[in-house]
Amino acid sequence: MTSLRRRLGPPSDWSPALVLLLAAAALPAFVSSEYVLLAASMIVTMLLGVSFNLLFGYAGMFSFGQAAFYGLGAYVTVLVVNNSGVGFYVALLAGVIAAALVAALSGTVLVRLEPIAFIMLTFALADLFEFAANHAHTLTGGDSGMIANLPNSLSVIVGVDRVYYVILGVATVVLAVAFVFVKTDMGLLLRGIREDALRARTLGIAVDRRRLGVFTLAAGVAAAGGGLSVLTAQIVYPSVFAWQVSANALIVTLLGGVGLFSGPALGAVLLGLIDFYVGRLTTNTLLIDGVVLLTVVLIAPRGVGAGGRGGLLAAPVTLLRRVRALARGARAGATG
Amino acid sequence: MSPADVSQVLELRDVARHFGGIRAVDGVTLAIEEGAVVALIGPNGAGKSTLFALMMGELVPTAGEIRLDGLDMRGLSPERHSRLGIGRTFQAPRLFAGLSVAENVRIALLARAPESRRWGPSGWGVSRARASHPTPTHTPPPAQPHIRPSGQGHSHNAEPTNTPTPAQARISPPAQTHIPPATESPGEDELEAALAEVGLSGQRELAALSLSQGQRKRLELAMVLALGPRLLLLDEPTAGMGVEERATIMRLVMGAVRRRGLTLMFSEHDMETVFAHALRVVVMDRGTLIADGAPEEIRRDPHVQQIYLGSHMGVDAS
């Protein structure tokens, strides 16, 4: 029992995600289909964030190319659904496996790189796929996109709630896998590698192999998000590989809390709500996103989900400290 | 080089490491016998830390060879070095700073490689690398005394009848030394024992970064010992400590070395510590090895005295 409690870590780490999941399950009973679709997009963004958080939050690997795997998940899912008789779930699984394979192969080189090179090459990988999707017209339809031939049972026009529950169900399974991964010994070893890779190596930990493992898993998680996004969009464009998608993974994780299990879920809800309401007033949602991100980084640098210092509850203290530091700087500037 | 009946754990032959024009380590030849307690001394910049990094595989030698039980270690990763039984601490302790003390040790317990059953008090295990290695499997347990060539120091793992070093005399009777098979996943008992051995049981839930320098050194020692190494490489185990803390950590180190029958090499600036514990002293200066022998010889060596002029060379800690 104590061992289980130790493994789970502080409830503040995972309970917000659990509460959000339960709320998400009840949601369609209370709101219109417009909000159900909003929640569905939040869930997809959350998976993208979870993927980034696995890498950066737990293993210290800053990937700026999770769109590569998200997009692969989307494209492979649509390609398999459209070109074979198998159902959506099998197609989704194929998307996840394809992304994981690409990660396992590219990762053999990528995970050995220095942090900056890792950022650049993960970014380049996503770019490469975007280019390919744009130019392989016969396969992908190029920039006209590719319509997903989904059965009526999975059409948002026929039944939003049903599609929503499929998305929520799959996301819950993926989240559970990620949870088990980070809460077991594998997660602990990765956090060790994040803290000091040389120390980990000199303790005999196969750092590169562990990094490759989490890189592959994170790719699968992002691909699941991409595959699920097909359900609400019903079409896939090369823009699923765009850097903005990778940036969203990063933004929701930073907003919610890096290295917090609930971080991406909280961040995705926050970002989703902001974009939804701001989107009614202006088309410049990116501007508002930027302001919100800046604000959160300034007043709650560890994310809204973090407890204690640097968390949301300590925001007034953090703000005061920053103002004082600014004032000190101004005084020093005036006198010096 | 040495008689075949002496088991050399680690052998360095003409090892060099150059950084551009700087010869950090330049032609070091050194053999460390099983059970030896060797102090590596020398002024700052002598190349001690570089030598440690070479012995751990963090750096690849520019020239020369390093052998562990005859196995050529060149090109092997630090991971492999660790798995083959070398445990190493750093001058500035390297810990998983953001994690708790308990998590730090737990990681070390997890890292203990199942495929290379390391040396425990029960004797030699045969790892894959060792099994494929041409030298015959060693049968004697580490507590076996060894014949040494003259001038090579004395066996640390001497029989109880030998005159104990001051360190040994201070150490309380051996505690339980059972190291469970590496395939077992680390249990709470094992974790608690590892923390208790270095006196950090009360700090187990603290973040490693909140520890004092002395506690950090102790935690790093606990992590390295948790691996069940056979050769300990400690880079300045007493750096940045007060007199009392220094004595404490050395008592812990020597206790672990004796109970587990480890081979120890440590670099050190404090001459009292060196002469209190080392059975052999190796002196480096500007990348080269300038003296190697029993503490008494080193103390009398004019070259060494010249380098350490004005330091504590004259202090007789024994």
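See the structure above.
In this convention, every chain numbers its residues from 1, walking through the sequence in written order. As they are written, the chains are lettered A onward and the ligands numbered 1 onward, keeping that order. Confidence filtering applies because this is a predicted model: local features only for residues at pLDDT of at least 70, side-chain atom pairs given and counted only at 80 or more, and all residues used for totals across whole chains, interfaces and linings.

Observations regarding the overall build of chain B
Under the scheme used here, helices are H or I runs from DSSP no shorter than 4 residues and strands are E runs no shorter than 2 residues, and both carry numbers assigned from the N terminus. Per the secondary structure count, chain B includes 11 helices and 10 strands. Exposure classification rests on a simple neighbour count of other C-beta atoms within 10 Å of a residue's own: a residue reaching 20 or more is buried, one at 12 or fewer is exposed, and one in between is partly exposed. C-beta atoms are placed from the backbone. Taken over 318 residues, chain B has a buried fraction of 50%.

Section: the nonpolar core
Ranked by size, the top nonpolar core spans 185 residues in total, and within it L47(A), V105(B) and A222(B) carry the most contacts. Leaving out residues up to four positions away in the same chain, A222(B) has contacts with V105(B), A194(B), L195(B), E197(B), V198(B) and L200(B). For the purposes of this analysis, a nonpolar core is taken to be any set of buried Ala, Val, Leu, Ile, Met, Phe, Trp, Tyr and Cys residues that are connected through C-beta atoms within 7 Å. Remark: residues whose backbone-derived C-beta atoms lie within 7 Å of one another are considered to be in contact.

Examining helix 6 (residues 188-197) of chain B
Residues and elements named next belong to chain B. Burial in helix 6 covers these residues: L191, A194, L195 and E197. All buried residues of helix 6 project into a common sector of 160° when viewed along the axis, lining one side. Among the exposed residues of helix 6, those pointing more than 90 degrees away from its buried face are E188 and D189. Taken together, the buried residues of helix 6 touch helix 3 (101-111), helix 7 (213-226) and helix 8 (243-260). Looking one or two residues beyond helix 6, the residue adopting positive phi is G199, at roughly 70°. Arc definition: it is the arc formed by the directions from the helix axis to the C-beta atoms.

What about the interface of chain B and chain A?
Taken residue by residue, the interface counts 23 residues in chain B and 15 residues in chain A. When residues in the side of chain B that touches chain A are grouped by element, the largest group, six residues, is from helix 3 of chain B.

Overview of the sheet that holds strand 2 (residues 22-33) of chain B
Residues and elements named next belong to chain B. Sheet architecture is open: four strands sit in the order 2-1-4-5, paired in antiparallel fashion. Looking at strand neighbours, the two that pair on one side only are strand 2 and strand 5 (71-72), the edges of this open sheet. For strand 1 (residues 8-19) and strand 2, the ladder comprises nine bridges, and the chain directions are antiparallel. Counted as the bridge partner of V15 is V28 from strand 2. All axes here are fitted lines through C-alpha atoms, helices being fitted over the stretch that makes contact, and every angle between N-to-C directions spans 0 to 180 degrees. Packed onto the sheet, helix 1 (residues 48-55) meets strand 1, strand 2 and strand 4 (63-68) and runs at close to 60° relative to strand 2. At least two DSSP bridges between two strands are needed for those strands to be called paired.

With respect to the packing of helix 4 (residues 66-83) of chain A against helix 6 (residues 115-135) of chain A
All names here are of chain A. Packing of helix 4 against helix 6 brings their axes to within 8 Å, and their N-to-C directions diverge by 35°. Contacts between helix 4 and helix 6 involve A67, A68, G71, L72 and Y75 on the former and, on the latter, L125, A126, F129 and A133. When the residues that make up the contact of helix 4 with helix 6 are grouped by side-chain class, the tally is eight nonpolar, one polar and no charged. Lys, Arg, Asp and Glu make up the charged group, whereas Ala, Val, Leu, Ile, Met, Phe, Trp, Tyr, Cys and Pro make up the nonpolar group; the residues left over, Gly among them, are polar.

Section: the pairing of strand 4 of chain B
Residues and elements named next belong to chain B. Relative to strand 4, strand 1 runs antiparallel, the two sharing five bridges. Its bridge partner being in strand 4, L10 is matched across the sheet by L68. Of the strand pairs in this sheet, strand 4 and strand 5 are connected by two bridges, and their pairing is antiparallel. Along strand 5, the bridge assignment pairs L68 with L71. In this antiparallel pair of consecutive strands, strand 4 and strand 5, the connection spans two residues, and D69 shows a positive phi of 50°.

Brief notes about helix 2 (residues 11-26) of chain A
Residue pairs spaced three or four apart in an α-helix point in one direction, given the helix's 3.6 residues per turn. All names here are of chain A. In a regular helix each residue adds 1.5 Å, so 16 residues correspond to 22 Å; helix 2 covers 22 Å between its end C-alpha atoms and thus fits that length. Turning to helix 2, its buried residues are D13, P16, A17 and A24. Viewed end-on, helix 2 has its buried residues packed into an arc of 100°, placing them on one side of the element. The exposed set on the far side of helix 2, more than 90 degrees from its buried face, consists of P11, V19, L22, A23 and A26. Summarising the contacts, the buried residues of helix 2 are in contact with helix 3 (33-59), helix 8 (160-183) and helix 13 (263-281). The span you would expect from a helix comes to 1.5 Å times its residue count less one.

Here we look at unusual backbone geometry
Residues and elements named next belong to chain B. Notably, D69 is not glycine yet its phi reads approximately 50°, a positive angle. Mapped onto the elements of the fold, D69 is located in the loop between strand 4 and strand 5. Its 23 C-beta neighbours within 10 Å are what place D69 among the buried residues. Notably, E236 is not glycine yet its phi reads approximately 50°, a positive angle. One can find E236 in the loop between strand 7 (231-235) and helix 8.

With respect to the sheet that holds strand 8 (residues 263-267) of chain B
All names here are of chain B. Read across the open sheet, the six strands follow the order 6-7-8-3-9-10; overall the sheet is mixed. Lying at the two open borders of the sheet, with one neighbouring strand each, are strand 6 (86-89) and strand 10 (288-293). For this sheet, the mean inter-axis angle between neighbouring strands, taken without regard to orientation, is 15°. By the bridge criterion, five bridges tie strand 7 to strand 8 in an arrangement that is parallel. Bridging from a neighbouring strand, L234 pairs with F266 of strand 8. Sitting on the sheet, helix 1 is in contact with strand 3 (37-41), strand 6, strand 7, strand 8 and strand 9 (280-285), with an inclination near 150° to strand 7. Along the sheet, helix 7 contacts strand 6 and strand 7; its crossing angle with strand 6, the most-contacted strand, is approximately 170°.

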